[in-house]
Amino acid sequence: MINPTYLAQRTRSSVNWTDAKSRVLKSYREWLRAAPEIQTQYTLNVPVSTIRTKMRQEFERHRYVAQLPAVDVLLFHSHAEYQETMNFWKQITHVLKYFRAEEDPKARLPNNFVNGFLEARN
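Model, not experiment: these values are computed from the prediction.

A. Spatial organisation of the overall build of the protein chain. Helices and strands together make up the secondary structure of the protein chain, namely six helices and zero strands. Seen in sequence order, the protein chain has helices and strands lined up from the N terminus as α-α-α-α-α-α. Counting only residues that meet the buried cut, the protein chain has 27% of its 122 residues in that class. In the protein chain, once contacts between residues fewer than 6 apart in sequence are set aside, the share between residues at least 24 apart is 67%. Here the protein chain displays about 9400 Å² of accessible surface, and carbon together with sulfur accounts for 56% of that area.

Structural data, given as structure tokens:
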């Protein structure tokens, strides 16, 4: 039986920067511990080390956020992604979008709409 509230958490705000830091580290550790399960669950063709590296890159991308409410929003989004991933609410393509650059080095976004449209026609 599937329990839709599995991994659900109440939304809350951080009291101070120490609290926010501990919550970020907890979230980061949850993601890292889940990497082998994500690889198995979604039958990914990438090693666990690559999945963990990508998770670290996603956390590092927001390393210098300087506003406490912004950190709280990022934590909320992180946990929502975690819950959707672990409950298998995502499809494989949703998970693979994080690894597109590693799979296809030529994958990039076009500079503007017209260039992208013209490239797709060729």
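Picking up after the structure, the text goes on.
B. Local environment of the side chain of Ser78. By the element assignment, Ser78 lies in helix 3 (residues 68–86). If we ignore the near neighbours within four places in the chain, the residues touching Ser78 are Ser27, Trp31 and Phe59.

C. Structural context of a nonpolar patch on the surface. Taken together, the side chains of Phe113, Val114, Phe117 and Leu118 define a hydrophobic patch exposed on the protein surface, amounting to about 450 Å² of accessible area. Position of Phe117 relative to the elements: it lies in helix 6 (residues 113–121). Of the residues examined, Phe117 reaches a relative accessible area of 45% and is grouped as partly exposed.

D. Fine view of the pattern of salt bridges. Here the structure, examined in full by the defined rule, presents seven salt bridges. Close ionic contact of Asp72 with Arg23 constitutes a salt bridge, the shortest N to O distance being 3.1 Å. Pair noted here: Asp72 is in helix 3 and Arg23 is in helix 1 (residues 17–41), with a separation of 49 residues, a long-range link. Across the pair Lys90 and Glu81 runs a salt bridge whose closest N-O atoms are separated by 2.3 Å. Judged by its relative accessible area of 9%, Lys90 falls in the buried class. Each member of the salt-bridge network shares a partner with another, and the members are Arg56, Glu60 and Arg63.

E. Fine view of the nonpolar core. Counting 14 residues, the largest nonpolar core has Ile38, Leu44, Ile51 and Met55 as its most contacted members. Counting only elements with at least two residues in this core, the list comes to helix 1, helix 2 (48–60) and helix 3. Considering every element that reaches this core, the biggest residue donor is helix 1, with four residues. Ignoring any residue separated from it by four or fewer positions in sequence, one finds Ile51 in contact with Ala35, Gln39, Leu44, Val46 and Phe99.

F. Highlighting the environment of Lys90. With respect to the helices, strands and loops of the structure, Lys90 is situated in the loop between helix 3 and helix 4 (92–96). Between the alpha carbons of Lys90 and Tyr42 there is a distance of 9.2 Å; along the sequence they are 48 residues apart. Residue contacts for Lys90: discarding those within four places in its chain leaves Tyr42, Glu81, Glu84, Thr85, Val95 and Tyr98. Looking at Lys90, its side chain comes within polar contact range of the side chain of Glu81, at 2.3 Å.

Reading guide: rules and limits
Residues numbered from 1 in each chain as written. Predicted model: local features only at pLDDT ≥ 70, side-chain atom pairs only at ≥ 80, totals over all residues. Heavy atoms only, no water. Helix = DSSP H or I, 4+ residues; strand = E, 2+ residues; numbered from the N terminus. Buried < 20%, exposed > 50% of the residue type's maximum accessible area, 1.4 Å probe, protein only. Contact = heavy atoms within 4.5 Å. Areas by Shrake-Rupley, 256 points an atom, 1.4 Å probe, with all protein chains shown as cover. Patch = residues over 30% accessible without salt bridge, like charges linked within 9 Å, V, L, I, M, F, W, Y side chains within 5 Å. Salt bridge = Lys/Arg side-chain N within 4 Å of Asp/Glu carboxyl O. Core = buried A, V, L, I, M, F, W, Y, C linked by side-chain atoms within 4.5 Å. Polar contact = N/O pair within 3.5 Å; in protein donor to acceptor, adjacent residues only side chain to side chain.

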